[in-house]
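# Inside the fold
Below, each chain spelled out in residue letters.
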Amino acid sequence: MSTWTTPERPEPPYNPIDERTALEDRLEFHRTTLLLKCGGLTPEQLALRSVPPSTLSLLGLVRHMSGVEAWFHAYDGQPDHMFFWDYVPGSKNGFEEVDIAHAADDLASYQASVARSRQAVAGRSLDEASPGEDYTLRWIYLHMIEEYARHNGHADLLRERIDGATGE
């Protein structure tokens with residue numbers, strides 16, 4: 001893989017049809033924003049750290065969000081899959097131990113995690129609690145939008161440090 005592709009990112013409507021559509025559209029906007037920040041970069045660039053002692057990198061953010069998507073996975077009743085922090089000694093969140101040789105696998109894992117999330121909650125009520133938890137699907141959508149927005153701010157700064165690209 002020489003560089004990651006840059007996805008198209010449509011702007012969510014300003015007047016959504018309903019609450020569910022608004023939450024889904026805004027979350028998709030943020031998911032795509034993260035990939036947009038990675039678009040056109042090489043694995044080496046994706047693995048660059050921000051500033052010491054921080055372990056943040058764009059590749060680490062993608063890996064982290066792959067695991068954070070598991071908030072939705074609880075709804076499908078399928079077994080959890082192994083996340084990066086499960087098999088990398090000392091890793092807690094996917095930021096550490098990024099390996100440029102696995103950048104394509106990390107992207108594929110992220111995309112599979114997002115696809116699983118979409119499928120796991122399709123048609124479910126926003127009031128439905130996550131199995132074994134008190135969190136409703138509505139709360140999880142809001143939390144995920146918040147999580148992506150926070151990390152997309154990090155991604156914007158990382159991207160600017162790599163090649164000067166800012167904004168959108």
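The notes below deal with the structure included here. (Residues numbered from 1 in each chain as written. Predicted model: local features only at pLDDT ≥ 70, side-chain atom pairs only at ≥ 80, totals over all residues. Heavy atoms only, no water.)

## Some thoughts on the overall build of the protein chain
Within the protein chain, the regular secondary structure consists of seven helices and zero strands. Reading the protein chain from its N end, one meets helices and strands in the order α-α-α-α-α-α-α. In the protein chain, the share of contacts with a sequence separation of at least 24, taken over all contacts with a separation of at least 6, comes to 75%. Of the roughly 8800 Å² of accessible surface on the protein chain, 54% is carried by carbon and sulfur atoms. (Helix = DSSP H or I, 4+ residues; strand = E, 2+ residues; numbered from the N terminus. Contact = heavy atoms within 4.5 Å. Areas by Shrake-Rupley, 256 points an atom, 1.4 Å probe, with all protein chains shown as cover.)

## Re helix H3 (residues 58-68)
Within H3, eleven of the eleven residues are buried, leaving the element largely enclosed by the surrounding structure. Looking at H3, one finds that the buried residues are Leu 58, Leu 59, Gly 60, Leu 61, Val 62, Arg 63, His 64, Met 65, Ser 66, Gly 67 and Val 68. (Buried < 20%, exposed > 50% of the residue type's maximum accessible area, 1.4 Å probe, protein only.)

## Concerning the nonpolar core
Nonpolar side chains tend to gather and get buried jointly when the protein is soluble and globular. Ranked by internal contacts, the top residues of the largest apolar core, which has 35 residues, are Trp 4 and Leu 58. For this core, the elements supplying multiple residues, two or more each, are helix H1 (19-38), H3, helix H6 (103-121) and helix H7 (137-163). Among the elements that take part in this core, H7 stands out by supplying nine residues, more than any other. For Leu 58, the residues in contact, after removing those within four places along its chain, are Lys 37, Cys 38, Leu 41, Leu 46, Leu 48, Ala 155, Leu 158, Arg 159 and Ile 162. (Core = buried A, V, L, I, M, F, W, Y, C linked by side-chain atoms within 4.5 Å.)

## A few points about the packing of aromatic side chains
The final tally for this structure, using the stated rule, is four aromatic pairs. Each ring, one from Tyr 135 and one from Trp 139, has its centre 4.5 Å from the other, and the planes form 25 degrees; the classification is stacked. Judged by its relative accessible area of 31%, Tyr 135 is partly exposed. Put simply, the rings of Trp 71, Tyr 135 and Trp 139 touch in pairs and so form one group of aromatic residues. The ring of Phe 29 carries Arg 26 above its face, with NZ or CZ at 4.9 Å from the centroid. (Phe/Tyr/Trp six-rings, centres within 6.5 Å; stacked < 30°, edge-to-face > 60°. Lys NZ or Arg CZ within 6 Å of the ring centre and 35° of its normal.)

## Some points on the packing of H1 against H6
Where H1 contacts H6, the axes come no closer than 12 Å and their chain directions differ by 175 degrees. Comparing their axes, H6 and H1 come out roughly antiparallel. Facing H1, whose interface residues are Arg 20, Glu 28, Arg 31, Leu 34 and Leu 35, H6 presents Leu 107, Tyr 110, Val 114, Ser 117, Arg 118 and Val 121. Residue composition of the contact of H1 with H6, grouped by class: six nonpolar, one polar and four charged. (Axes fitted to C-alpha atoms, helices over the stretch in contact; angles between N-to-C directions. Parallel < 35°, antiparallel > 145°, perpendicular 65-115°, else oblique. Nonpolar A, V, L, I, M, F, W, Y, C, P; charged D, E, K, R; others polar.)

## Description of H1
Between its first and last C-alpha, H1 extends 29 Å over 20 residues, near the 28 Å set by a 1.5 Å rise per residue. Every buried residue belonging to H1 is among Arg 20, Leu 23, Leu 27, Phe 29, His 30, Arg 31, Thr 32, Thr 33, Leu 34, Leu 35, Lys 37 and Cys 38, and all of these are buried. Buried residues along H1 sit in contact with helix H2 (43-46), H3, helix H4 (70-73), H6 and H7. By the N-cap criterion, in which a side-chain oxygen at the helix start approaches the backbone nitrogen of a residue two or three places on, H1 is capped by Asp 18, the distance to Arg 20 being 3.3 Å. Looking one or two residues beyond H1, the residue adopting positive phi is Gly 40, at roughly 80 degrees. (Expected span 1.5 Å × (residues − 1). Polar contact = N/O pair within 3.5 Å; in protein donor to acceptor, adjacent residues only side chain to side chain.)

## Describing the environment of Thr 166
Within the secondary structure, Thr 166 sits in the segment after H7. Through-space distance from the C-alpha of Thr 166 to that of Ala 155 is 9.7 Å; in sequence the pair is eleven residues apart. Setting aside residues up to four positions removed in sequence, Thr 166 forms contacts with Lys 37, Asp 156 and Glu 160.

## What about the pattern of salt bridges?
Pairing between side chains of opposite charge can happen when their charged atoms approach one another. A full pass over the atoms with the stated rule returns eleven salt bridges. With a shortest N-O distance of 2.8 Å, Glu 69 and Arg 31 are connected by a salt bridge. Remark: Arg 31 occurs in helix H1 and Glu 69 occurs in the loop between H3 and H4; sequence separation between them is 38 residues. For the pair Glu 69 and Arg 31, one class covers both residues: buried. In this structure, the salt-bridge partner of Asp 156 is Lys 37, at a minimum N-O distance of 2.6 Å. Taken together, the residues Asp 156 in helix H7 and Lys 37 in helix H1 connect sequence positions 119 residues apart. Given the relative accessible area of 24%, Asp 156 is considered partly exposed. Taking the relative accessible area as the measure of exposure, Lys 37 reaches 6% and is therefore buried. (Salt bridge = Lys/Arg side-chain N within 4 Å of Asp/Glu carboxyl O.)

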